[in-house]
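Remarks on the overall topology
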Amino acid sequence: MKKITILGLSIALLISSSCSKIELAPISTIATGSMWRTADDALSAKIGMYNLFRTAFANNYQWYTESRTGFYTFGRSFYERYRSHFDNRLDAASLGSDWNDFYTLINQCNLILKYVPRIDFADVQQQNQILAEAYFIRAYTYFWLVRIWGEIPVLTVPFESDDQENLYPVRDPESMAWDLIRSDLTEAESLYPAGRPQPAYLANLSAVQMLKADVYLWLHKVREEAGALTTAEAAVNSVLSGQSYQLESSFRAVFRNESNRENIFTIYREAEESGSSWFNLTIWRDGDVPVQYHNNPVPVGADNVYAFSDLAWNLLYEDPADQRAGETIDSLVIPPNRVFQWGVKYSGEYTSQRRWDQDQHLYRFAETLMFKAEIENEKGNSASAVEFINRVAQRAYGKSTYYDPASSKEEIDEVILKERAKEFFFEGRYWWDLIRFGRVFEKVPSLAGRENELNVLLWPVAYNTINRNNKIVQTPGY
Amino acid sequence: MIAYMLSAQSVQVKGKVTDSHGEPLIGVNVLSEKSGTGTITNPEGLFGLAVETGDWLTFSFIGYTAQRIQVLNRTELSVVLEQQANALDEVVAVGYGQQSRRFVTGSVSKITPELIVDRPVSNVVSALQGKVAGVNIFSQNFAPGSTPNIRIRGGSSINYSNNPLVIIDGVPRSMTDINPNDIESIEVLKDASATAVYGARASNGVVLITTRRGKVSQRPEIVFQSSMSYQQHHKGYPLVSGEEFIRLIRTNAVGSPFESTLYEDGPASHVNGDRSVFTPRWLEAGETVPAGWQRMTDPIFPDKTIIFQENDPADLLFKPGLWQNYHLGATGGSEKIRYAGSVGYTRDNGTVAETGWTRLSMASNVDIDITDKLTFSSGVGYTNTRNPTEASWINSIGRQLIMAPTWRIRYEDGTPVPGFNATATPPPFWRETRDYDQYQAKLNLDGSLIFRPLEGLMLKGNASYYRSDFEDEYFEKSHFFAQNRNAYTNQNVGQTRQLEAIASYNTKIGGSHDISFMAGISDLFISSRDLSLRADGGATDIIPTLNAAPNKINASSVKTEESLIGMFGRIGYIYEGRYLLQASLRRDGSSKFGAGKKWGYFPAVSAGWIVSEEPFMRDVALVDNLKLRASYGFTGNNAIGAYTAQGAYSSVRYARQAGLRATAIPNQNLGWERTGQFDIGVDVGAFRRKLNISFDYYTKITDNLLFSNPLPNTSGFSSITTNIGSVKFYGVDLSAEGTLVQTANFSWNPRLVYSLNRNVVLKLPENDRDRNRIGGYSVPGGDDFGGIAEGEPLNSIIGYKADYIIDNRQQAENARYDELALGISLEDGTAVKGRKFPGDYEWVDRNSDGIINEYDQFVLGYTVPHTTGGFGNMFSWKSFSLDIFMDFALGHSALDRYWMYYNGNGFIGRTRPTKYVLTDSWEKEGDAATASLPKFYVQDQGMQSNYYRDSDQRTWKLNYLCLREVKLSYDLPRSWLTRSGINSVNIFVAGNTLAYFTKERHAREINPEWGTANTYDAGAGYPAVRKFNFGLRVAL
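Residues numbered from 1 in each chain as written. Chains lettered and ligands numbered in written order. Predicted model: local features only at pLDDT ≥ 70, side-chain atom pairs only at ≥ 80, totals over all residues.

**A word on the overall build of chain B**
Helix and strand content of chain B: 12 helices and 54 strands. Its C-alpha radius of gyration of 33 Å places chain B within 12% of the 31 Å reference for a compact globule of 1036 residues. In terms of principal-axis extent, the alpha carbons of chain B reach across some 100 × 90 × 65 Å. For chain B, the residues scored as buried account for 47% of the 1036 residues in total. Taking contacts inside chain B between residues at least 6 apart in sequence as the whole, the part at least 24 apart equals 68%. (Helix = DSSP H or I, 4+ residues; strand = E, 2+ residues; numbered from the N terminus. Rg over C-alpha atoms; globule rule 2.2 N^0.38 Å. Buried ≥ 20, exposed ≤ 12 C-beta atoms within 10 Å, placed from the backbone. Contact = placed C-beta atoms within 7 Å.)

Dropping the structure here:
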């Protein structure tokens, strides 16, 4: 009987020691309930936000911009999925029609904006900087979303459970997105502490100002909003007067030296962090290139999909003196008839079969000058406008007064548009420029005569998006 | 004279055979060992036989223990055969105990070693295929060391695990851990009354494996088993030859957007040089055809001759391989100490170059009676496996097989040719540039103290420890596509600690009340640690380890822990030996669930009625046993991540800084998935046990499904793990075995297993879609399809349906706009998207809008078979026995992606079509009446996507019948062995997976066991293996 008692006691002991054991916290991740306690949590969340920012923009931006401008054609490989972009015949299966990555990023911004104010920081300026960056990233993202899709869900509250309000949102009116972008920019600007510069791959106050100029120029020209031009001008002026940036003397250096003084805002890329860049599609698979031409001059690394249209070649090589041409795209002809075309700008270093580590430019000082020129021209100061264009042109052509200051407003607009195309090729600007200048149906061959097609400039929403939330209505026209 | 002398020595013996009640036994097999002659008993149980002096007689009868009797000088024998335990009163393992088969009220299938040993398979799961009612076993992959999937009654969940709980000697482990020769019995627990005592983990059924133990006062028995197989792979689609390939591509490329490929290095070009990846080129003037090359007239420039090398990737990949198994075991016992121990070695050389698998296994069970009331039991099990393998079968088999047969394998200097990109290489290049090996070790230690203080009372304390080690190592030499010498190694250590205390008590009250109690608690703790290391930049191909690689790219470790506490009990009551009642309850707490949801209760009740024991049935001679059973109960499933409920922020990197991002949305309400199962069954034994049938009907409804519920892609998360929805699995299990013929020298025993399992989704989370559909397509205006939806079965395959093949221009002009057709004219090169041409499939317009797009797809089939089973026939003639076993599965389909790669001529004309393209394709107007395949295009994906879309045209119905096992064995006559000290020698030849029979011819050209919506899977592609086996079993 004693033995039974002992056994019984051991069982009782076992049970009592067991019950607490079913409370186990994760070891290699952080449980949601354990996050947002210290300044370090907030800093980590900020880095996480930039990681998601890279995921959302570093490769995808091509679908929305250059791919639609008529600059690209098919190269060696023929990826049928890309044809809808080249032809501006998008459908709900087109690559880029899924907005998942953008909203994952927005949710991270919304988490930061919700929780960081509740954390006690020893350094309040650090707290403000994180918040300013989150407002900036959110504004940047919505600025792209609203231009790509028009009406989009405007979400400002992070999702933390599945019974939350607005989990299945509708597409809100465009004005809601613009209101949010404006107020986020105001918040970012006012919160951003002075005297805390960061590397260009994190947002500085100048990045906020550049976005502001970009947004308000669009509001002025496309949405014809009164007073927007003044706001844009103030933003550009603050970057110009800040004296922190300057044009690099050589165009090549902008893309080969990642810590140059022209960069205002970039996306950081490195082989082990960011994976393969979309730019690999402009270079060549080793198996397709005779060995003696490998990286000499034909850059190898991936399957060549993109070649460039006559439109692109004629534009970039218009003036043989333009040092940008050979730094943007290049070609080799092996007689009698083998032609290799490739992209140069972001070809980066060749390591581990691929090319990866080229930081992507979102804003650089050349654009500050071009924005300034565009604003001056809008204000009727054509001589001043040409002066700013010529600062960029001087580096390109090696000539101090490349464009004539005595040009008309229309001529200067044409020059700005063309110089932007040359300067920012591959940088995701020209498509938006064409819309902002109202020239898209005229300049893009595949859009000629299609002005009356409903929403032809906007994107359809991916099948997958509607399948998961049938409150989302397909973009009319698709 | 000789005849006379023989007959002079023979004596006529007669006698009677009865059972233990004195009833005569009819049809008992009586066999003389010396002469090999025999007879059977007549309806009065009587027999007569001529025997020689000193002869032995064997009396055998199905369901009874055989007896061997020496005649000596007797002429009249009276023989009593005892009913065998494994007929009706065999002991069956149930959760935390044992029961007599007679009184089991749940649905439990028992598999004895005869059905699994001496089969040329490496693991026990393979040996069970088609042999257990209600259990579906299928292989996705046949690589050495791989284990088939196992589903009991279809599983229980939609998108969480449907794998059963496997308990080996009381410890949760994996079925691959043990050598089949070490198994004493396998019990498959199917209904809730059998499984509910395992509570939280039991929804998908439970497999109990008991390993061999010694018995009290058992004579030492040593058994050595050895077998060896020759194995070869089952062949895939017949593919075009080199010459056929060149002709097909050249003639079809002309005028197409891909004509230029004929003028650059390529598989059907005429300009390849010595360093090109492909061989074809024009024969130069005056040149003779090099040795080993073939020639053909250029089909597009008939004055030219093309020469090429034919290098069939299949010849380079596949080779016959050897499979071997050796096993030595000893069992025995004295009054106080019982033991069983073994060592085993299995080696499978595989059928694909540079693959293989070896296993070393050891097992030891020792039981010691310390006193009359106290027993100590211990068990040790260890297996160690090693296999050279591949990280992905897609790159190492699939993408190599689909390539043109005209490629170059080696340059003139003997170095392997790299192929045209890093993941489409000829087999030798791939295998000579990389090494991938996996190692596993599993160790199990357990010890129990069993105390029996009183009659009927048992107290047991058990502690066990289980550790599994997995390691892999990868090294890529410097080669054409990568010079960085990538190297990685991963390690996983899984540890399980289990403490259990169990008490049981059986008693009889009066003459007619049998009562049993069992209660216990269990404390389970599982931890896992993953380590992964990656580096590159080494300077040499000779050192594969990471010490030689200076660039340390990744060093990561991840740990998880899980704990489960269970308290359980069971009460059984038997009245008059024929009315059975049982109830059980388990309470489980799991660390995986949300704060207030950690504990769950799992009750079950069952009842049985042994009708044949009723007085009114005793006189029904035809029926020996008739039992009705019914049960209902609840089980759970906690197969989710250890910390899913708590949400997660995971580490990421940006600009070399560590960051955190929200990766999983928390759900503190996450709780048990609960399956309620109803089972009604009947067991029948008839015609003096010559026919035994067991039949069950069941229905299982799982509520609060652990469900990965997709979230809108505006939420920042792809899904949330939650408990919503309900699914029903229902079906029938039938097993029957019998004795069709039983004579003195010959017997024929057929057996049949038939399982029907269907499912339907009952409830899904509200999402405002038609039938709350998840996934699939939301069609504007309704008629949604695909994914999963209420009222529909799971596992559907979605794709387009071909209506007919467009035969002429008129039909093409009238054809519907097709979103995937590029409409590139071969005549003038113009591209008009959506345009169709003669030879294209016209697809069915589901929504009749005149446009073919994603909304025009249909359910083409299901990936899971509704019917599975097997049937076997065992024939015995004297000392020979022949067992033929076939298994089958019906109702599943596969959407084959390789068909698309082959016939769609992908990779810009580099893939190799099947022979069917030559014979069955549409080529010209009028062919549509007979052609089953569309017009062949170079790079179909860049043209009309006839092959390059999911469709019924490459969805194969996989209904199959497999000749799984044929085994002929022979027992050497005992007389040969009497002086050698050897007890018995059995030699056998066997075949395994000899042939698949399918109605759809393409089904047997892929793997007919694996239903899937996408065959292009990294875990699939190693073809099925046919084995021819020879072996022997010697018992001392």
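**Some words on the overall build of chain A**
Regarding its fold elements, chain A presents 18 helices and 8 strands. By principal-axis analysis of the C-alpha atoms, chain A measures approximately 110 × 55 × 45 Å. When each of the 478 residues of chain A is scored for burial, the buried share is 51%. A separation threshold of at least 6 residues defines the contact pool for chain A, and within that pool the share at least 24 residues apart is 66%.

**Notes on the nonpolar core**
One finds Leu128, Val188, Val206 and Val207 of chain B to be the most contacted residues of the largest nonpolar core, which totals 131 residues. Formed by 113 residues, the second largest nonpolar core is a distinct cluster that contains Trp99, Ala177, Leu205 and Trp218 of chain A. (Core = buried A, V, L, I, M, F, W, Y, C linked by C-beta atoms within 7 Å.)

**Concerning the sheet that holds strand 15 (residues 183-189) of chain B**
All names here are of chain B. Pairing in this open sheet of 5 strands is mixed, and the strands run 10-15-16-13-14 from one edge to the other. Taken across any chain shown, the strands that pair with only one partner, and hence form the sheet edges, are strand 10 (108-111) and strand 14 (171-172). Pairing geometry for strand 15 and strand 16 (residues 206-211), over 6 bridges, is antiparallel. Of the residues in strand 16, the one forming a bridge with Leu189 is Val206. (Pairing = 2+ DSSP bridges.)

**Some thoughts on the sheet that holds strand 20 (residues 305-308) of chain B**
Residue and element names in this part refer to chain B. Taken together, the 3 strands give an open sheet; going across it, the order is 18-20-19, and neighbouring strands pair in antiparallel fashion. The open sheet is flanked by strand 18 (281-282) and strand 19 (294-297), the only strands paired with a single partner. Across 4 bridges, the pairing between strand 19 and strand 20 is antiparallel. In the sheet register, Gln294 faces strand 20, and the bridge partner there is Phe308. In the packing of helix 4 (residues 242-253) onto the sheet, contacts are made with strand 19 and strand 20, and the angle to strand 19 comes to roughly 35°. (Axes fitted to C-alpha atoms, helices over the stretch in contact; angles between N-to-C directions.)

**Some thoughts on unusual backbone geometry**
Backbone torsion omega between Asn296 of chain A and Pro297 of chain A reads 5°, so that peptide bond is classified as cis. For Pro297 of chain A, the position within the fold is in the loop between helix 11 (271-274) and strand 3 (306-308). The residue Ser945 of chain B is not glycine, and still its phi comes out positive at about 50°. For Ser945 of chain B, the position within the fold is in the loop between helix 11 (915-920) and strand 51 (955-957). Taking the C-beta count within 10 Å as the criterion, Ser945 of chain B has 22 such neighbours and is therefore assigned buried. In this structure, Thr993 of chain B is a non-glycine residue whose phi angle is positive, near 50°. Among the structural elements, Thr993 of chain B can be located in strand 53 (residues 984-998).

**A few points about the pairing of strand 20 of chain B**
Along a regular strand, successive side chains alternate from one face of the sheet to the other. Residue and element names in this part refer to chain B. With burial as the criterion, only one face of strand 20 is covered, namely that bearing Ile306 and Phe308; the residues Thr305 and Ile307 on the opposite face remain uncovered. Direction of pairing for strand 18 relative to strand 20: antiparallel, over a ladder of 2 bridges. Residue pairing in the sheet places Arg281 in a bridge with Ile307 of strand 20.

**Details of the pairing of strand 2 (residues 29-32) of chain B**
Residues and elements named next belong to chain B. Neither face of strand 2 is exposed, since Asn29 and Leu31 on one face and Val30 and Ser32 on the opposite face are all buried. Here 3 bridges tie strand 2 to strand 3 (residues 38-40), and the two strands are oriented antiparallel to one another. Across the sheet, Leu31 pairs through a bridge with Gly38, a residue of strand 3. Here strand 2 folds back onto strand 3, and the loop between the two strands holds 5 residues, one of which, Gly36, carries a positive phi near 75°.

**Quick notes on the environment of Lys700 of chain B**
As for its position among the elements, Lys700 of chain B is in strand 36 (residues 691-703). Each C-alpha atom, one on Lys700 of chain B and one on Gly633 of chain B, is 9.6 Å from the other, the two residues being 67 residues apart in sequence.

**Here's the deal with the interface of chain A and chain B**
With 70 residues of chain A in contact, the opposing surface of chain B contributes 70 residues. Elements represented by at least two residues in the side of chain A that touches chain B include exactly helix 1 (2-19), helix 2 (39-57), helix 5 (100-115), helix 11 and helix 18 (463-468) of chain A. The class makeup of the residues in the side of chain A that touches chain B is 32 nonpolar, 22 polar and 16 charged. (Nonpolar A, V, L, I, M, F, W, Y, C, P; charged D, E, K, R; others polar.)

**Comments concerning the packing of helix 13 (residues 365-378) of chain A against helix 14 (residues 382-397) of chain A**
All names here are of chain A. Look at helix 13 against helix 14: their axes get within 7 Å of each other, and the N-to-C directions meet at 165°. Taken together, helix 13 and helix 14 sit at an angle that is classed as roughly antiparallel. The interaxial crossing formed by helix 13 with helix 14 has left-handed handedness. For the pair helix 13 and helix 14, contact is made by Ala366, Leu369, Met370, Lys372, Ala373, Glu376 and Asn377 and by Ser382, Ser384, Ala385, Phe388, Ile389, Arg391 and Val392, respectively. Across the contact of helix 13 with helix 14, the residue classes break down as 8 nonpolar, 3 polar and 3 charged. (Parallel < 35°, antiparallel > 145°, perpendicular 65-115°, else oblique. Left-handed = near helix turned anticlockwise from the far one by under 90°.)

**Focus on the packing of helix 13 of chain A against helix 15 (residues 409-423) of chain A**
Residue and element names in this part refer to chain A. Put simply, helix 13 and helix 15 touch, their axes get as near as 10 Å, and they point 165° apart. Classified by the interaxial angle, the pair formed by helix 13 and helix 15 is roughly antiparallel. In this structure, the crossing between helix 13 and helix 15 has a hand that is left-handed. Counted together, Ala366, Met370, Ala373, Glu374 and Asn377 of helix 13 and Lys409, Ile412, Asp413, Ile416, Glu419, Arg420 and Glu423 of helix 15 form the full contact between these two elements. Classifying every residue of the contact of helix 13 with helix 15 by side-chain character gives 5 nonpolar, 1 polar and 6 charged.

**Brief notes about helix 7 (residues 174-191) of chain A**
All names here are of chain A. Taking 1.5 Å per residue, 18 residues should reach 26 Å; helix 7 reaches 26 Å between its end C-alpha atoms and fits that length. By the burial criterion, the buried members of helix 7 are Ala177, Leu180, Ile181, Asp184, Leu185, Ala188 and Leu191. All buried residues of helix 7 fall inside an arc of 145° around its axis, so they share one side. For helix 7, the exposed residues set more than 90 degrees away from the buried face come down to Ser175 and Ser190. Where the residues of helix 7 are buried, they touch helix 6 (124-149) and helix 8 (205-221). (Expected span 1.5 Å × (residues − 1). Arc of directions from axis to C-beta.)

**Here's the deal with the environment of Asn767 of chain B**
Residues and elements named next belong to chain B. Here Asn767 is to be found in the loop between strand 41 (746-763) and strand 42 (796-800). With 18 C-beta atoms counted inside 10 Å, the residue Asn767 sits in the partly exposed group. Here the alpha-carbon distance between Asn767 and Thr702, two residues 65 residues apart in the chain, equals 20 Å.

**Some details on the confidence of the model for chain B**
Residue and element names in this part refer to chain B. For chain B, the mean per-residue pLDDT works out to 92, and 99% of the residues sit at or above 70. Below pLDDT 50 for its whole length, residues 1-8 participates in 0 contacts with residues either more than four positions away or in separate chains. We note a pTM of 0.84 for the whole complex and an ipTM of 0.92 for its interfaces. (pLDDT = per-residue confidence, 0-100.)

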